[in-house]
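Geometric and topological summary
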Amino acid sequence: MTLINQLQELEGGLAILIDPDKTNQRSELEPLVEKVNLLDPAFIFVGGSTVDEDDFENCIVVLKELTDIPVIIFPGSFRQLSDKADGILFLSLVSGRNPDYLIGHQVEAAPHLRKMNVEVMPTAYLLIDGGKNSSVAYVSQTTPIPNDQTTIAINTSIAGEMMGMQAVFLDAGSGAKNTVSPSMISDVKQNIDVPLIVGGGIRSVEDYEAAKGAGANLIVIGNKIEEDMDFLLDLMNITIKENFTSN
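This text gives an overview of the structure that appears in the document. (Residues numbered from 1 in each chain as written. Predicted model: local features only at pLDDT ≥ 70, side-chain atom pairs only at ≥ 80, totals over all residues. Heavy atoms only, no water.)

On the basis of which strands lie adjacent, the closed barrel formed by eight strands has the order β1-β2-β3-β4-β5-β6-β7-β8 and parallel pairing. In this sheet, neighbouring strand axes are inclined to one another by 30 degrees on average, regardless of whether the strands run parallel or antiparallel. In this structure, strand β2 (residues 43-46) lies alongside strand β3 (residues 71-73), joined through three bridges in parallel fashion. Within β3, the position partnered with Ile44 by the bridge is Val71. Set on the sheet, helix α7 (residues 182-190) makes contact with β6 (167-171) and β7 (196-199); between it and β7 the angle comes to about 165 degrees. (Pairing = 2+ DSSP bridges. Helix = DSSP H or I, 4+ residues; strand = E, 2+ residues; numbered from the N terminus. Axes fitted to C-alpha atoms, helices over the stretch in contact; angles between N-to-C directions. Contact = heavy atoms within 4.5 Å.)

Quick look at the side chain of Ser134 now. Of note, Ser134 is situated in the loop between β5 (119-127) and α5 (135-140). At 3.2 Å, the side chain of Ser134 and the backbone nitrogen of Ala137 are in polar contact. When neighbours within four sequence positions are excluded, Ser134 is seen to be in contact with Leu127 and Gly173. (Polar contact = N/O pair within 3.5 Å; in protein donor to acceptor, adjacent residues only side chain to side chain.)

A few words now on the packing of helix α2 (residues 26-39) against helix α3 (residues 53-66). Running from N to C, α2 and α3 cross one another at 45 degrees; their axes reach a closest spacing of 10 Å. As far as their axial angle goes, α3 and α2 are oblique. Of the two possible hands of crossing, α2 and α3 adopt the one that is right-handed. In this structure, α2 uses Arg26, Leu29, Glu30, Val33 and Asn37 to contact α3, whose residues at the interface are Cys59, Val62, Leu63, Glu65 and Leu66. By residue class, the composition of the contact of α2 with α3 is six nonpolar, one polar and three charged. (Parallel < 35°, antiparallel > 145°, perpendicular 65-115°, else oblique. Left-handed = near helix turned anticlockwise from the far one by under 90°. Nonpolar A, V, L, I, M, F, W, Y, C, P; charged D, E, K, R; others polar.)

The analysis is restricted to geometry; functional conclusions fall outside its scope.
Below, the structure written as structure tokens:
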């Protein structure tokens, strides 16, 4: 089964985001991946807005040694590529109007990806205002969609799907004060026929449950699980209960 097919079948699945700019050495990754393996998320995302190429590659290599969970690149630029990864979110920042992030980086990356045995997952990427100026907004020089402007998010997501994107990603950004609102998640989900990924500001089980209840196929959580063991344990308990119920 392809990664995109796995994504389509998820209902409130988990992805753990690792930023190689913050965590890239084996000594740092081993204890983190031990926790991630216990949680057993659907995917591990790897990427960041400003990452050294060597740190990025080393992070991917070590992760593939330490886990069987699919490792997917969540790129901040065309330089964040690795043939060691299982897949890549081929992002187009459709919520902005910066041509470099709409198509420029994709053109740079395309010939390299063509030579790699990495599943390419075309994804419409929408930056949503999370109450804090995110690194993505700063680096891409784009303005996030206000969290209460659901119609803009819906129409932008529909446009991304019509352009052939296989998934939509609503992201409030790393370190966001506010998550993408459940009402926006629900309204976007009802108007698209591709999987919906949601991330940014997920700091509690309540945040996770709200995004899941609103219809997100995949919910992305960053370094919160490393900082807060109780959050990790709560997520594990949810996963165990769901697996028990489904069986």
